[in-house]
Structures are given as C-alpha cells and as structure tokens.
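Fold and geometry: a report
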Amino acid sequence: MNLPASFALSEEVGRALNLGLPSVALESTVITHGLPHPQNLELARQMEAIVRQGGAVPATIALLDGKIRVGLDPGLLDRLGAESHPRKISRRDFAAAIIKKECGGTTVAGTMFAAQRAGIKVFATGGIGGIHRESPFDISTDLQALADTPMIVVCAGAKAILDLPATLEYLETMAVPVIGYGTDEFPAFYSRESGLPVSARLDSAQAIAEFAQVHWELGLRSAVLVVNPVPITEAIPRSEIEPLIARASREAQEAGIHGQAVTPFLLKRLTELSGGRSLQANLALLLNNARLAAEIAVHWAKQKADYV
Ligand code: PSU
Ligand code: MN
C-alpha cells in the first residue's frame, strides 16, 4: 500500500489490513462535533468494543497534529475527545488541516476518503449528511463521496433534519443503492419510519456482503448504503420529533447559522428540546450500526478470501 506521509496507520489496523482481517472504519465528527463531552468519548470506546466483539478490527479515523490517523490508540482517542477547537474535516479540508498541523474529526465524506486510501471496505456511522431543508444548495459532500467511493456504509438513514426526499433523489441520480436492513422503508435517523422506499431490502449481513460484490464486479464505483433503523426501544416517532426539528431549523435560520455549523447546532438544540431523548436515540443507533458493520465486515473478509 502506497500511502502519503500524511497518513499514519495504527499497528493494529496496519496488521489487520496486511492479513486481510475484517476491519470497520469509524468516523470522528460524531466525537468532535456530534455529541457532548463526555458521552462522545464513552460512545467512541463502546463503538470500538462492539466492533471487536463482532470479530473485526475498529479503525477510528481522525486528524491529530496534521496526521491522518487510521486507528486511534486509546491515548489519541482521549486527546481528540477533549480537544477544545477541533476542525470538522470533510474532503476539501484535509490539506489545510495537514499543513497547519491541526486536529479534527472526519465527516462521513472525510472518513470514506481516508478509509478508501487505506483499503478498508466497511464503514459505520450514525446518519449521513444530505440536502438541507432551508437551503437546497447546502448539499453535503457525503453524497458526492457515496457517489464515487466503493465502500459499504452502514447508517440509520440521513439525519432527520434534512430534506429526505431530495436526499434520496440525489442518491438515485448518483447510482447509490440504498439497502434496507430488515426494512422496506428508509429510516429517518431518530425514527424508524419516513414513508420513503429503499431501493432494495436485504435481511442478513451475508446478503449485504454478496450484494456489494455483485455491485462492484459490474464495474460500478458507487458506495452501497445500508440503512439500519434505530432500535425500537430508543426510536422517537416522527410525529413527535418533527415539530422539534422544525423549531430547531427555524432557530438556526434566525441565528444566521450556515455551512458546516448547521448540523452541530441542530443536533445540540434537538437534544435540549427533546429532553435528552434524541441523544439517547443517537447513541443507540450508533452502537447498532457498529454491530451490523462488524458482521458485514466478517462476511466481506471471508468472501474475499474464498474468492482469491
Ligand atoms: N450524523 C450525526 N452526527 C454527526 C454527523 C452525522 O448523528 O455529527 C456528521 C457526520 O460526520 C456527517 C456530517 O458527515 O455530520 C455532515 O455534515 P455536513 O452536513 O456539514 O456535510
Ligand atoms: Mn453542509
């Protein structure tokens, strides 16, 4: 593997990739911008533990002192979680963060970029970015990354704060299959329902790994987006969360918040407005996605070994 000097693989991840062991990439904007301290660190550790329990090696990706780290040793993870002004790093932001030796959390798009370079094929996150409701020109780079990165991405749908129909249309345009894991409906992050269809439904991790192989063997280069509904016990019905989202979005507009700051603002405000329920749902769905991603990675590694 020929990686530029700005990359640093942890020993564990480097070894796993050399041996073709199952590995799962994990994003870090959720640590730096998505969740409050100290839940962010607790969650990051739990996600790694769940991936390990599932028989895969976790590779949390982030920037520390201008290095793109793939796999964070516990000390580095603690540093990232306690960082006071971390940058939110999407694909366009890497070079700036590298030359300024900054620290930051990688978004879905940023994480996919680094994971792809390192050779990791399965990635777990909470919710992907998409097209914002109030400003249709605010289109997350996550969608472009899904269009041009061959990777299995496990999420709980797109963040409910987005324009979901428009986001799904964009994914269709960009040839990104949206696979419902045990569901025919596109989940809406905090809620299990959205009224919107997925492009195919698959009910096992093995079937998802097989699907990805067929998709890429055809020569397509887009991601396979797996949508895994939030666990029933933590789900918030759409009728309950929608008014809160509408209110938080209005507040963001009134406060003149835009660009990269929109998502963190809305997530934080929703936690307040829901009395912490949205945070509980967010944590539960992240762990749920890490579990499924590990299972998919195990099947993916086995399939690849059989295939070669
Ligand atoms: N979903 C969450 N919490 C988050 C994010 C998504 O529950 O913090 C992050 C992801 O890293 C995603 C990013 O890539 O928000 C999207 O930001 P933007 O809309 O600025 O592209
Ligand atoms: Mn945006």
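What comes next concerns the included structure. (Residues numbered from 1 in each chain as written. Chains lettered and ligands numbered in written order. Predicted model: local features only at pLDDT ≥ 70, side-chain atom pairs only at ≥ 80, totals over all residues. Heavy atoms only, no water.)

Contact geometry for helix α10 (residues 238-254) and helix α11 (residues 262-273): axes closest at 9 Å, N-to-C directions at 130°. Comparing their axes, α11 and α10 come out oblique. Considering how the two elements wind past one another, α10 and α11 form a crossing that is right-handed. Touching I241, L244, I245, R247, A248, S249, E251 and A252 of α10 are F265, L266, R269, L270 and L273, all from α11. (Axes fitted to C-alpha atoms, helices over the stretch in contact; angles between N-to-C directions. Helix = DSSP H or I, 4+ residues; strand = E, 2+ residues; numbered from the N terminus. Parallel < 35°, antiparallel > 145°, perpendicular 65-115°, else oblique. Left-handed = near helix turned anticlockwise from the far one by under 90°. Contact = heavy atoms within 4.5 Å.)

Okay, the packing of aromatic side chains next. Here a ring pair, both rings aromatic, is described through the centre-centre distance and the interplanar angle of the planes. One pass over the full model with this rule turns up three aromatic pairs. Seen from their ring centres, F94 and F113 are 5.1 Å apart, and the 50° between their planes marks the pair as tilted. With a gap of 19 residues between them, F94 in helix α5 (residues 94-99) and F113 in helix α6 (residues 108-118) connect regions that are remote in the sequence. The exposure class of F94 is buried, given its relative accessible area of 6%. Look at W216 and W300: their rings are 5.5 Å apart centre to centre, the planes differ by 80°, and that puts the pair in the edge-to-face class. One end of the pair, W216, is in helix α9 (residues 205-217); the other, W300, is in helix α12 (residues 277-307), and 84 residues separate them in sequence. This pair shows no difference in class: W216 is buried, exactly as W300 is. (Phe/Tyr/Trp six-rings, centres within 6.5 Å; stacked < 30°, edge-to-face > 60°. Buried < 20%, exposed > 50% of the residue type's maximum accessible area, 1.4 Å probe, protein only.)

Counting residues in each nonpolar core, the largest one holds 107 residues, and the members touching the most others are L146, I152 and L225. Per-element tally for this core: the top contributor is α12, with 13 residues. Beyond its immediate sequence surroundings of up to four residues, I152 is in contact with K121, V122, F123, I208, A212, W216, V224, V226, I296 and W300. (Core = buried A, V, L, I, M, F, W, Y, C linked by side-chain atoms within 4.5 Å.)

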